[in-house]
Amino acid sequence: MLQKRFVKSAVLNIFLFALFFTGIFFAPAQAWEQGELEIHHLYVDQADCTFIIGPTGKTLLVDCGEKTWNSHANADRVADYIMSRLGINTIDYFVATHYHADHIGYASEPPKGGIRYMIEDKGIVVKKIIDRGFENFGTTGGTLWKYQDWAESLKNRKEASEGTSMIDLGPGVIVDILALNGNGQIPPGDLSGVRSPPSENDYSISLKISYGPFDYFIAGDLSGETIKSSFGYTYNDIETSLAPQVGDIEVYKVSHHGSSHSSNEYFVSTLHPEVAIFSYGRNNKFHHPDPAVVDRLSRIADIYRLAEDGDTVVTSHGGDTYVVESSNTREHTYECDKLVPAATIASAEAYHNKKKLAAHKFNIPQEKKPAAKAPEKTGAESYDIEQPEPERAETSKPEISKLPSPAGKEKIPAETLKGAASDAGKVSYPSSINADFAIILKGKPVSGSVRDLDMNDGKYMALASSQGDGSKEYSKNKYYIDWAGSFCHNIQPGNIYKLTAEITGGSSVGTVVSIRYRDPKKNQWVDLEKIGLTPSVKKYMLDLTKAAPVLSRDREINLRFTTSSEKPGLEIRIDSLGLEPKYDIDN
């Protein structure tokens, strides 16, 4: 008997009781029963995970994310939940809604978390893994590349396709993949090289699950507005085109943790849920959920917050009612809608006219190249989680004062910077800086150019010193190397920035290299760090936290390297110039 797999015992009850009082929310302890569709919304802090049991015992896990890039805490918790709840270690389907670590974890080795950790370290067997594929993307990062490296080696991985044929949760249950990769609202292909690429959230897989008159909708971090983020990428309104396909539902797993970028007015009024379930972390830095989204949904739906209510389970028997029960013993029975409340539904065209939304114009490069996978690296990993927006209104990109090119100063021609190892505007991780231009204020090039600063390309840029001209900045008694460049990075900004620079000194020992960045507000150079130059190659990890406002707003930074010597013949080589965040989480 199938029911024998689902054990309810005194031991299990004591276990759950103990976990509750240690601050870990588990769902109510009653066992699943045949004929029930159960949807378990698990509290995993500022991440996402939903576990679904069909009426015949087939299972579906939608996302299994981690709060931090190098953690597997949520994977541990989810795996233990599944094994204690079901008494088995096998699930039928896993769906990765999109490639952000708060939804799938980080799939490197080591460290690893999320779904890979569940499978390889917790012993959970997944019969079929479904994702959106690797042909279409905008913003990219280590989470995507590490997951791709791992997932492409799996025999049980399938690329999602729209329709109802991919996921079978048993007779009477329809799992419909309604949209993925932008639902036709984003041009197909690799858009990572455009100036303001679409957010990874826009590509989220959306699922509608129906059991008799009961309808449920979940869609990862799907976007509902067209706006340029202050971090250089764009959100694109996918919800409005999708809303008529979803139609009226009973329960809405609120997209994007309740972010202001999702759950727009038209979408909410079209779906008209009776229950809205928010997944977000307590006191999270993103200020989720957005008060306007909560207010919009609370007018028509009962609100459940996993951070306060704990694990929340929705149960349907395929009839006219369904039950919502949370860990804090809150329980309520709801009736399924018989008809769509037509009075609440306006047309998508009317909504667009009201909001005056304009489609984002993607400047797609003429020549398309396949996405490059990330080379292996050591040290802190990239982790894609979007940063909290400092302001809601779209702001135009402010002008950054470019470096002067006075007479007698050699400017490296812009055309020599094209065709570098990482294409202009595109990241080949970890080479994550693309030079716009460079000016040699003092000194002369010996070999190479700015285009040779990429990591792991075997090339470098070498400069030799020249005597000062007697000016206030360059004394005639010293020999100087002074060069500066403007760099644009194309990865989502994170909390802590690191500049990796391998610098080789020439004949001078003990010479100091000053590294500065230009503050566009003050229009002046600001000291970042001073390092001692030696004849040997040194790798310096520079903390760019001070420069973060410049980076996060404009994705552009002006850096300047200056050194001097009492003797002629000073030469330095600079290589492996790479800008990367410790983690850049998307929420």
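Residues numbered from 1 in each chain as written. Predicted model: local features only at pLDDT ≥ 70, side-chain atom pairs only at ≥ 80, totals over all residues. Heavy atoms only, no water.

S.K.: Looking at this model, I keep getting lost on the environment of Val294. Mind explaining?
M.R.: By secondary structure assignment, the location of Val294 is in helix α8 (residues 291–298). With 18 residues separating them in the primary sequence, Val294 and Ala276 have C-alpha atoms 9.1 Å apart. When residues no more than four places from it in sequence are discounted, the contact partners of Val294 are Phe278, Pro289, Ile303 and Arg305. (Helix = DSSP H or I, 4+ residues; strand = E, 2+ residues; numbered from the N terminus. Contact = heavy atoms within 4.5 Å.)

S.K.: Could you clarify how one ought to interpret the sheet that holds strand β1 (residues 37–41) in this entry?
M.R.: Backbone-to-backbone hydrogen bonds pair the strands of a sheet. The strands run either parallel or antiparallel. An order of β6-β5-β4-β3-β2-β1-β15-β16-β17 is seen for the 9 strands of this open sheet, with the pairing classed as mixed. Edge positions in the sheet fall to β6 (157–159) and β17 (331–335), since each of these pairs with one other strand and no more. In this sheet, neighbouring strand axes are inclined to one another by 20 degrees on average, regardless of whether the strands run parallel or antiparallel. Judged from the 5 bridges that link them, strand β16 (residues 321–326) and β17 form a sheet pairing that is antiparallel. By the bridge assignment, Val323 is partnered in β17 with Thr333. (Pairing = 2+ DSSP bridges. Axes fitted to C-alpha atoms, helices over the stretch in contact; angles between N-to-C directions.)

S.K.: Whenever I open this one, the packing of aromatic side chains confuses me. Can you help?
M.R.: Note on aromatic pairs: each is described by the distance of the centres and the angle between the planes. This structure, assessed with the given rule, holds 13 aromatic pairs. A centroid spacing of 5.4 Å and a plane angle of 15 degrees characterise the contact between Tyr322 and Tyr334, whose relative ring orientation is stacked. Of this pair, Tyr322 sits in strand β16 while Tyr334 sits in strand β17; the two residues are 12 residues apart in sequence, bridging distant segments of the chain. When sorted by exposure, Tyr322 lands in the same class as Tyr334, which is buried. Ring geometry for Trp483 against Phe561: centres 5.2 Å apart, planes inclined by 5 degrees, an arrangement best described as stacked. Within this pair, whereas Trp483 is found in strand β24 (residues 479–488), its partner Phe561 is found in strand β29 (residues 556–565), the two being separated by 78 residues in sequence. With respect to class, Trp483 is no different from Phe561; both count as buried. Ring pairs connect the aromatic residues Tyr99, Phe134, Tyr147 and Trp150, which therefore count as one cluster. Geometry around Tyr474 places Lys442 over its ring, the cationic atom sitting 5.6 Å from the centre. (Phe/Tyr/Trp six-rings, centres within 6.5 Å; stacked < 30°, edge-to-face > 60°. Buried < 20%, exposed > 50% of the residue type's maximum accessible area, 1.4 Å probe, protein only. Lys NZ or Arg CZ within 6 Å of the ring centre and 35° of its normal.)

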